[in-house]
Amino acid sequence: MGDEDWDTEILKPHIPSFVPVFDKDTFSSGANGDAFNRATDSSEISDAPTRRDQFMRSGFASGRSLGNRGFSSNKFEEGDSSGFWRESNDFEDNQTRSRGFARRGGYQDGNDSEASGSARRGGRGSFRGCRGGFGLTHNSESEREDGPQRPGGFFSSRRTGLVDPAGNGDNFRGRSVGGRGGYKGFNEEVVAGSGRSTWKSEAEGESGDFQGPKVTYIPPPPPENEEAIFAHYQTGINFDKYDTILVEVSGHDAPPAILTFEEADLCQTLNNNITKAGYTKLTPVQKYSIPIILAGRDLMACAQTGSGKTAAFLLPILAHMMRDGVTASRFKDQQEPECIIVAPTRELINQIFLEARKFSFGTCIRPVVIYGGTQLGHSIRQIMQGCNILCATPGRLMDIIGKEKIGLRQVRYLVLDEADRMLDMGFGPEMKKLISFPGMPPKDQRQTLMFSATFPEEIQRLAGEFLKTDYLFVAVGQVGGACSDVQQTVLQVGQYSKREKLVEILRNIGEERTMVFVETKKKADFIATFLCQEKISTTSIHGDREQREREQALGDFRCGKCPVLVATSVAARGLDIENVQHVINFDLPSTIDEYVHRIGRTGRCGNIGKAISFFDPEPDSHLAQPLVKVLSDAQQDVPAWLEEIAFSTYVPGFSGGTSRGNVFASVDTRKSYQGKSSMNIVGFSSAQAPNPVDDESWD
Ligand SMILES: Nc1ncnc2c1ncn2[C@@H]1O[C@H](COP(=O)(O)OP(=O)(O)OP(=O)(O)O)[C@@H](O)[C@H]1O
C-alpha cells in the first residue's frame, strides 16, 4: 500500500463495529476550569519590528538564493525562495502552511469526552484529534520542530467543532471554518490574527502575516514542590554495566576523567541537589564530560541514548556559574543569560529545562524555557523576570532575540543538545545565524558544547564552525550505536499485515508502556484511531497537533492513562519517559540514526527495554545494511533474511552509513583528516579512567 493507499484508507476509514466509549462529560474548559484564562496578548509586550528584526531580515533573508537548502563545502546554504527566515521558522510543519484544508491531527483515547461538529469524525471517538474533517493533504509529512503554530490555509480549520483530544473538556466550542476566533481551551486563547505584516517568523505565525489565529497557549507552570522537582525513576539493573563501555577521548590535553561526584568538587548546593535527584554514581559520559567542561574546553560528546548526557553538561555549567557568580534575577526588559541551551523539539527542551531547574534548585540561577506553539508574550514575560539559563527551541529563540528581549553579550555557554539534528539542514541555518548574531561572543570567548547519541561525519565537520579548534571529542561506545540494553527484534512484515501484527503484539504486551513510531502525521492519527477501535488505549503526538494537545498526550502517556503512544519522529529524540518498556517501529525511519534515537526511548539509564521493528523490504531495503551493523554492534540476533537483503543491496565501501555519509563514524572525524598519529586518542574502559596521554597535536 503506497502513500496514496493510506490516503484512501484514511479518507474512507474502515470503521469497525466497535465504537470506543467516552463520557460526554464536560463543556468546561480545561482541567483547572480556567475557561477564560486571561492570557496577555503577546502584542502587549511588543511585537514591533526592532533593529535586530531588520538585521535578521536583511542579513539573512537576503541569502535566499544560496543553493537549495543544504550544506555544501561545510557551508550552510539556504535556498528557499521565501528567504531564510521564513524557511527557518517553518520547521515543524513547513509543508503544511499552504494547505487548503489543513488537517490538524491527533488522537486521544476514546475514553474522554467527545463532541460533534466535525465533517468527518471517523466514528465516535475515533479521529478525535483530527482538526477539520477535510484534513487530508498530500503534502510532505516531514516532522520538523519549532515552527509557527500553523495558521493554516483558507479553510484551515484548526478545530472545526471537534472535541478536545486532550480530554480537557473544551469541546463544543465549535470554531467557524477557518478556525479563527471563538475558541478557547485550557490555558489557551485563539483569536483572530492581527494581519500585521512583519517579517516571516514564528512570531508572525502568531501575530500576523498569515492571518492565522494567534497562538496564545500558555503551558501550565510545572509543580513547585520539592518532591515533584526531584521526582525521578530508578536506575536499572544494567546501570553498573555502563562502567565497562569503552570510552574514547580525542583532542589535545584532555583533562582526566573523574570517577565520583565528589571529585568534581561541585558546590554544596549542587551536591545536595544531585543527591536529591537520586544520582549516586556517574555515568561514563558524565565521568569524561564534566571535567572537560569544568576545564573550560569545548566538547563534542557522543554517548548512547539514555546515558545521562543532560546532567553531563548541566552540572559543570551550573558549577561554573555558581563559582563565577551570576547576575541575580531581576525584572528587566532585556535579559542577558549566561547560558543558552537549544534542542530540536519542544518537549525535549522542556525536559531539559526541568532538569536545569532541578539541579539549580536553591541557587540564585534562574533557568527559563521558551518554545514554539505557546504564546510569545508568555515566553517574553518569563524571560523578563530574570534569565540565567535560557532553554529554547531555535525558532522561538530567534524570535525573542529579534525582539531584543535577550541580549547575547553575556553568553558563556552554548549547548546544542541532539547536536547532529541541530546542525543538519533543518536547524543548521538557524544555529549559524545564532552564532553570528551581533553581540554573540565569538567561539573563543564562549564554551560550546554538543551532545548526541549520533554524530554523522558530515555533521561533525560542520560542527567545527561552532567549536574552538582544540575541542575535545568524547565517544562512549560506538558512535551512532544503539543502546545495548534494548533488545532489538526485526520482523519482516509487509505493509498490509502491519496493523494486524501491531494489534497482536500490543495485546501480548498488555498494559506495558509502548511507543509506536510511524512515518507520517496522518498515519499517526490513523493508527491511533485504529488502535482505539481495537480497544487499546492510545494517544498520539505529532507536529500537526497543537502544543496543548501534545503536552496532554505526553502527560497521559507518562502517567499511564494511555499506555500506548503513537508518534512520529518528533518524539524520537531525547524524551525521557519512565517505564517505556517497548518501542515498536510500525514504519522504519528513513535513516539509521533516527532508528537509534527512536529505540532509545526505552532501555534508559540501565533499565532494559524491547524494540520491535517492522521491516518491509520494499521501502526499507536501504536500511538493511546499517541495520545489520547496528544489531551486530549491540550483540543482537540478526535475522538471516535481513542479512540476505543487506547482502543483495550491498554497497561497496559501506561502513555502516547511509547515503548521507558514514553514520558510524566510530571516531572523531578529525582523525580522518589528520591521521591517527596526530590525534590524542585514548581508548579505554571508563572504569579504568586513565589520564589521556598527550602525544602529537592534531591541529
Ligand atoms: N548519574 C546518574 N544516576 C542516576 N540517574 C541518572 C544519572 N544520570 C542521568 N540519570 C537519569 O537517566 C535518565 C536519562 O538521562 P538523559 O535524559 O540525560 O539521557 P540522554 O543521554 O540525554 O538520552 P538521549 O540520548 O535519549 O537524549 C534521566 O532520567 C536522568 O535523570
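All of these numbers come straight from a predicted model, not from anything done at the bench.

Reading guide: rules and limits
Residues numbered from 1 in each chain as written. Predicted model: local features only at pLDDT ≥ 70, side-chain atom pairs only at ≥ 80, totals over all residues. Heavy atoms only, no water. Near = heavy atom within 4 Å. Nonpolar A, V, L, I, M, F, W, Y, C, P; charged D, E, K, R; others polar. Domains from an automatic or database assignment. Contact = heavy atoms within 4.5 Å. Buried area = accessible area lost by both parts, 1.4 Å probe. Salt bridge = Lys/Arg side-chain N within 4 Å of Asp/Glu carboxyl O. Helix = DSSP H or I, 4+ residues; strand = E, 2+ residues; numbered from the N terminus. Buried < 20%, exposed > 50% of the residue type's maximum accessible area, 1.4 Å probe, protein only. Pairing = 2+ DSSP bridges. Axes fitted to C-alpha atoms, helices over the stretch in contact; angles between N-to-C directions. Phe/Tyr/Trp six-rings, centres within 6.5 Å; stacked < 30°, edge-to-face > 60°. Lys NZ or Arg CZ within 6 Å of the ring centre and 35° of its normal. Core = buried A, V, L, I, M, F, W, Y, C linked by side-chain atoms within 4.5 Å. UniProt positions renumbered as here; feature names shortened; annotations may be inferred.

(A) Region of interest: the site of the ligand. The environment of the ligand is formed by 21 residues, the closest being Tyr279, Lys281, Lys309, Thr310 and Asp576. Split by residue class, the shell around the ligand holds four nonpolar, 10 polar and seven charged. Shared between two domains, the shell around the ligand holds at least three residues of each, these being domain 1 (226–476) and domain 2 (486–648).

(B) Examining the domain arrangement of the chain more closely. Domain annotation for the chain reports domain 1 (226–476) and domain 2 (486–648). Between the C-alpha centres of domain 1 and domain 2 the distance comes to 28 Å. Each partner contributes residues to the interface: domain 1 has 26 residues there, and domain 2 has 23 residues. Between domain 1 and domain 2, the buried area comes to about 2100 Å², and carbon and sulfur atoms account for 51% of it.

(C) Seen up close, the pattern of salt bridges. Applying the stated rule across the entire model yields 29 salt bridges. For Arg409, the salt bridge goes to Glu336, with nearest N and O atoms at 2.6 Å. Placement of the pair is Arg409 in the loop between α13 (394–402) and β10 (413–417) and Glu336 in the loop between α10 (309–324) and β7 (339–342), with a sequence separation of 73 residues. Assessed through its relative accessible area of 55%, Arg409 is described here as exposed. Across the pair Lys358 and Glu355 runs a salt bridge whose closest N-O atoms are separated by 3.0 Å. Taken together, the residues span about one helical turn, with Lys358 and Glu355 both in helix α11 (residues 346–359) at a distance of three residues. A network of salt bridges, in which partner residues are shared, links Asp240, Asp243, Lys281 and Lys287.

(D) Expanded view of unusual backbone geometry. The backbone of Asp265 shows a phi angle near 55°, a positive value even though the residue is not glycine. Mapping Asp265 onto the fold places it in the loop between α7 (261–264) and α8 (268–276). Assessed through its relative accessible area of 67%, Asp265 is described here as exposed. Despite not being glycine, Glu418 shows a phi value in the positive range, around 50°. Counting through the fold element by element, Glu418 comes out in the loop between β10 and α14 (419–423).

(E) Focus on the sheet that holds strand β13 (residues 486–492). Read across the sheet, six strands follow the order β13-β18-β17-β14-β16-β15 without closing on themselves; strand pairing throughout is parallel. The sheet is open, and its two edges are formed by β13 and β15 (538–541), each paired on a single side. Shown here is a sheet whose adjacent strand axes are inclined to one another by a mean of 20°, direction ignored. Sheet analysis places β13 next to strand β18 (residues 609–615), joined by seven bridges and oriented parallel. Across the sheet, the residue bridging to Thr489 is Ile612, located in β18. Across the sheet, helix α19 (residues 547–558) is in contact with β14 (513–517), β15, β16 (564–567) and β17 (580–585); its angle to β15 comes to roughly 140°.

(F) Local environment of the packing of aromatic side chains. Enumeration over the complete set of coordinates arrives at seven aromatic pairs. For the pair Phe230 and Phe361, a centre-to-centre distance of 5.3 Å together with 85° between the ring planes defines the contact as edge-to-face. Of this pair, Phe230 sits in the loop between α6 (226–229) and β5 (246–250) while Phe361 is found in the loop between α11 and β8 (367–370), placing the two residues 131 residues apart along the sequence. Residue classification places Phe361 among the partly exposed positions, given a relative accessible area of 24%. Where Phe586 meets Phe614, the ring centres are 5.9 Å apart and the plane angle is 55°; that geometry is what we call tilted. On the criterion of sequence distance, the pair formed by Phe586 in the loop between β17 and α20 (592–599) and Phe614 in strand β18 is long-range, its members being 28 residues apart. Residue classification places Phe614 among the buried residues on the basis of a relative accessible area of 0%. Ring pairs connect the aromatic residues Phe261, Tyr279 and Phe359, which therefore count as one cluster. The ring of Phe530 has Arg499 sitting right over it, with the charged end atom 5.2 Å from the ring centre.

(G) Local environment of the environment of Pro316. Along the polypeptide, Pro316 turns up in helix α10. With 20 residues separating them in the primary sequence, Pro316 and Gly296 have C-alpha atoms 9.5 Å apart. If we ignore the near neighbours within four places in the chain, the residues touching Pro316 are Ile290, Ile293, Leu294 and Ala311.

(H) Examining the nonpolar core more closely. With 58 residues, the main nonpolar core has Leu299, Phe313, Ile341, Phe359, Phe451 and Val474 as its most contacted residues. In terms of residue count, the dominant contributor to this core is α10 (nine residues). For Leu299, the contacting residues outside a window of four places in its chain are Ser289, Ile292, Ile293, Thr448, Leu449, Met450, Phe451, Leu467, Tyr471, Leu472 and Val474. Counting residues in each nonpolar core, the second largest holds 42 residues, with Ile380, Val411, Leu416 and Val479 among its members.

(I) Summary view of the UniProt feature "domain: DEAD-box RNA helicase Q" (unreviewed entry) in the chain. Per the UniProt entry, the sites bearing "domain: DEAD-box RNA helicase Q" (unreviewed entry) are residues 259–287 in this numbering. Annotated as residues 259–287, this span is 59% helix and 0% strand, and its ends, taken at the C-alpha atoms, are 6 Å apart.

(J) Structural context of helix α22 (residues 624–633). Burial analysis of α22 places seven of its 10 residues in the buried class, which makes it a mostly covered element. Among the residues of α22, Ala624, Gln625, Pro626, Leu627, Val628, Val630 and Leu631 are the ones counted as buried. Buried positions along α22 lie against β13, α20, β18, α21 (617–620) and α23 (640–648). Where α22 ends, the next residue or the one after it, Gln635, has phi of about 55°, a positive value.

(K) Broad picture of the environment of Gly407. Inspection of the secondary structure assignment puts Gly407 in the loop between α13 and β10. For Gly407 and Glu336, which are 71 residues apart along the polypeptide, the C-alpha to C-alpha distance reads 4.8 Å. Contact partners of Gly407, with chain neighbours within four places excluded, come to Gln334, Gln335, Glu336 and Pro337.

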